[in-house]
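Residue-level structural notes
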Amino acid sequence: MPPDPLQLSAVELVHAVRSGDLTAVACTEAFLARIERTNGVLNAFLAVDREGALARAAEIDARRRSGKPLGPLAGLPVGVKDALCTADLPTTCASKMLAGYRPPYDAEVVARLRHADAVIVGKTNMDEFAMGGSNENSAFGPVANPWDTSRAPGGSSGGSAACVAADMAPVAIGSDTGGSIRQPAGLCGITGLKPTYGRVSRRGLVAFASSLDQIGPMARSAADCALVLEAIAGHDPGDSTSLRDEVPSYTRALDKPLTGLRIGRVPEHFAAGLDPEVARGVDEAFAVFRQLGATVHDVRLPHAHHGIPTYYLIAPCEASSNLARYDGAHYGHRAEPGKGHRAEPTNGHRADSGKERDGAAAFESPLVEMYCRSRAEGFGPEVKRRIMLGTYALSAGYYDAYYAKALRVRRLIRQDYLDAFQTVDLIGGPVSATAAFPLGEKTGDPLAMYLVDMYTVTANLAGIGGISFPCGFTAGGLPIGFQLQGPALAESLLLNATDRFQSLTDWHRRRPPLAV
Ligand code: GLN
């Protein structure tokens, strides 16, 4: 009797395919069937590549039968966030702007997954252009949290998190600009790693904020994340920000004992605003680390409370520049001439505000009209808000007061970490202030939504890595996330510490009671 693929870890699954206990086709079919049953409820996938995945799996099985070598992810089904380019599948970034867009090439990470013989089952839902913390900014509808479908899965990689939590694929790829891997992983009870800036190539990741964006694995355990990270990390001459440092074996570093490991605890993290149930779960996790031989020390990150304002200047500034390419001419959605949505022209494009025809805006030329209308129709409200914030903060007269100042505070935040890592090896704490919140709770209040990333944005600003994993459940049955942050290129240690935690606890083994 072959094992049930849905019950296996990624590590076990690859082993089963390699040894012939399970065919890649049977494995792929099992996950595709699960996607078919659950996606109507969760909306975690925007595109499913049934045919492509099965063809790929059959090819892997044929290769195994003929004794040819298999890659390290042989037969492993993977969900890929729709922000990564895939040559054979649409890539929309959950935006109307890119609806139906098919990139001419695979992102480097996608190419590496294929090279490692993974099976890409589809593209996962997300907040539009990765801007959001609840997945409610998707132009194609929100994702539901598998633990309670009336709640948000977090964002922006909410589809990837829900996909893993609901066994639609054992692993998924996410991207994290301010918390988008760690926060949804925390709210969905899975393990998600944001590597050091530059550790994983971003070539082919649709750019949001280029000095912050990083791609990483989301899975049920640190061991499964290590397996995937090993396959996707490493220098890429196609991404000038990718690091040249050699990729260590993450999988082989997992079972090192934590004796003597120094973990920092930031007292400010436990100030007002942190839900008491989350605080309790996080403190219990520190106790587990003590049991594992680690010691816990108070550390200060004196500028961390400036993280949100700093991030919400730098990220929108970079976004306003990156998203300028969506002009209706080169990419994506183009408004039909003289039809559709009446755009309010901005930034001096109004030829003469006194001369409006029939109450509609007048444009200085048909070209400008096409730009304005295409962008007005193609982008959702949050993306527009970010573009306006960023354009404003970068404009002459405001640049020094906002953008340049934010860059200086960013430097202070980074220095806090460098100082803290003089005395501790890792820093632990909450991922988010609360467990999963109800869908709709924060959609009317952008500031409340921005605050969901208060514990995660600082790692992106500092360029360091962070991992989040479940450390308990609320009385209402929702997962509580724990975050570990480490110095640059400390992925081995982050994964090792998490794996040891998971060897002593079974929070990561719990499955949502999803009735489908
Ligand atoms: N929630 C944050 C934002 O809206 C982070 C998003 C991300 O990491 N992509 O910008």
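All of the points below concern the structure found in this document. (Residues numbered from 1 in each chain as written. Predicted model: local features only at pLDDT ≥ 70, side-chain atom pairs only at ≥ 80, totals over all residues. Heavy atoms only, no water.)

Between Gly155 and the following residue, Ser156, the backbone shows a cis peptide bond with an omega angle of 5°. Tracing the backbone through its elements, the reader meets Ser156 in the loop between strand S3 (119-124) and helix H5 (158-165). For Leu489, which is not glycine, the phi dihedral falls at a positive 65°. As for its placement among the helices and strands, Leu489 is situated in the loop between strand S11 (479-486) and helix H15 (491-504). (Helix = DSSP H or I, 4+ residues; strand = E, 2+ residues; numbered from the N terminus.)

Here the focus is the side chain of Asn460. Within the fold, Asn460 resides in helix H14 (residues 457-462). A distance of 3.0 Å separates polar atoms of two side chains, one belonging to Asn460 and the other to Asp176. Residues in contact with Asn460, not counting those within four places in the same chain, are Asp176, Thr177, Gly178, Gly179, Arg182, Lys194, Leu212 and Arg410. (Polar contact = N/O pair within 3.5 Å; in protein donor to acceptor, adjacent residues only side chain to side chain. Contact = heavy atoms within 4.5 Å.)

Another aspect to go through is the site of the ligand. In the region of the ligand, 15 residues are neighbours, and Gly178, Ser180, Tyr311, Arg386 and Asp453 sit closest. Residue Ala130 places a main-chain N or O atom 2.8 Å away from a nitrogen atom belonging to the ligand. At 2.8 Å, a backbone N or O of Gly132 approaches an oxygen atom of the ligand. For the ligand, the protein covers 99% of the area, taking 300 Å² as the surface of the free molecule. (Near = heavy atom within 4 Å. Areas by Shrake-Rupley, 256 points an atom, 1.4 Å probe, with all protein chains shown as cover.)

Once that is clear, we can look at the environment of Thr92. With respect to the helices and strands, Thr92 occurs in the loop between strand S2 (77-81) and helix H4 (108-115). Residue Thr92 is classed as buried on the basis of its relative accessible area, which comes to 7%. Sequence-distant contacts of Thr92, that is, excluding residues within four places in its chain, are made with Leu46, Asp82, Leu98, Ala99, Gly100 and Phe140. One polar contact links Thr92 to Asp82, side chain to side chain, over a distance of 2.5 Å. (Buried < 20%, exposed > 50% of the residue type's maximum accessible area, 1.4 Å probe, protein only.)

What follows deals with the pairing of strand S4 (residues 171-176). Of all 6 residues that make up S4, 6 are buried, and the element is covered over most of its length. Inspection of the sheet shows S2 paired to S4 by 3 bridges, in the parallel sense. Each bridged residue has a counterpart across the sheet, and for Gly79 the counterpart in S4 is Ala172. With 6 bridges joining them, S4 and strand S6 (residues 214-219) adopt antiparallel strand pairing. Residue Val171 lies in a different strand from S6, and its bridge partner there is Ala219. (Pairing = 2+ DSSP bridges.)

Angle between the axes and distance between the axes: these two values describe a pair of packed helices. Two numbers describe how helix H2 (residues 24-42) lies on helix H3 (residues 50-65): the axes approach to 8 Å, and their chain directions differ by 160°. In this view, H2 runs roughly antiparallel relative to H3, as classed from their interaxial angle. You can see that H2 and H3 cross each other, and the crossing is right-handed. Where H2 abuts H3, its residues Ala24, Val25, Thr28, Glu29, Leu32 and Glu36 lie against Arg50, Ala53, Leu54, Ala57, Ala58, Ile60 and Asp61. Its residues placed into classes, the contact of H2 with H3 shows 8 nonpolar, 1 polar and 4 charged. (Axes fitted to C-alpha atoms, helices over the stretch in contact; angles between N-to-C directions. Parallel < 35°, antiparallel > 145°, perpendicular 65-115°, else oblique. Left-handed = near helix turned anticlockwise from the far one by under 90°. Nonpolar A, V, L, I, M, F, W, Y, C, P; charged D, E, K, R; others polar.)

An ideal rise of 1.5 Å per residue puts 22 Å on 16 residues; H3 measures up with 23 Å between its terminal C-alpha atoms. Looking at H3, one finds that the buried residues are Ala53, Leu54, Arg56, Ala57, Ile60, Asp61 and Arg63. On its buried face, H3 sits against H2, H4 and S3. (Expected span 1.5 Å × (residues − 1).)

Mapped onto the secondary structure, Ile215 falls in strand S6. Residue Ile215 is classed as buried on the basis of its relative accessible area, which comes to 0%. Ignoring sequence-local partners within four residues, the contact set of Ile215 consists of Leu84, Val109, Ile173, Gly174, Ser175, Ile181, Pro195, Val200, Ser201, Arg202 and Leu205.

Let's shift gears to the sheet that holds strand S10 (residues 465-473). Strand order across the open sheet formed by 11 strands is S1-S3-S2-S4-S6-S5-S10-S11-S9-S7-S8, with mixed pairing between neighbours. Of all strands in the sheet, those with a lone pairing partner are strand S1 (45-48) and strand S8 (295-298), marking the two edges. The mean inter-strand angle of the sheet, taken between neighbouring strand axes irrespective of direction, is 30°. Looking at chain direction, strand S7 (residues 262-265) and strand S9 (residues 426-430) are connected through 3 bridges and run parallel. Paired with Ile263 across the two strands is Leu426, which belongs to S9. Its contacts with the sheet place H15 against strand S5 (191-194), S9, S10 and S11, and it is angled at close to 10° to S10.

This part is about the pattern of salt bridges. Any two side chains of opposite charge can pair, so long as their charged atoms come close to each other. For the structure shown, the criterion picks out 25 salt bridges. Between Asp106 and Arg114 there is a salt bridge, and its shortest N-O distance comes to 2.9 Å. Given the relative accessible area of 21%, Arg114 is considered partly exposed. Between Asp499 and Arg500 there is a salt bridge, with its nearest N and O atoms 2.8 Å apart. (Salt bridge = Lys/Arg side-chain N within 4 Å of Asp/Glu carboxyl O.)

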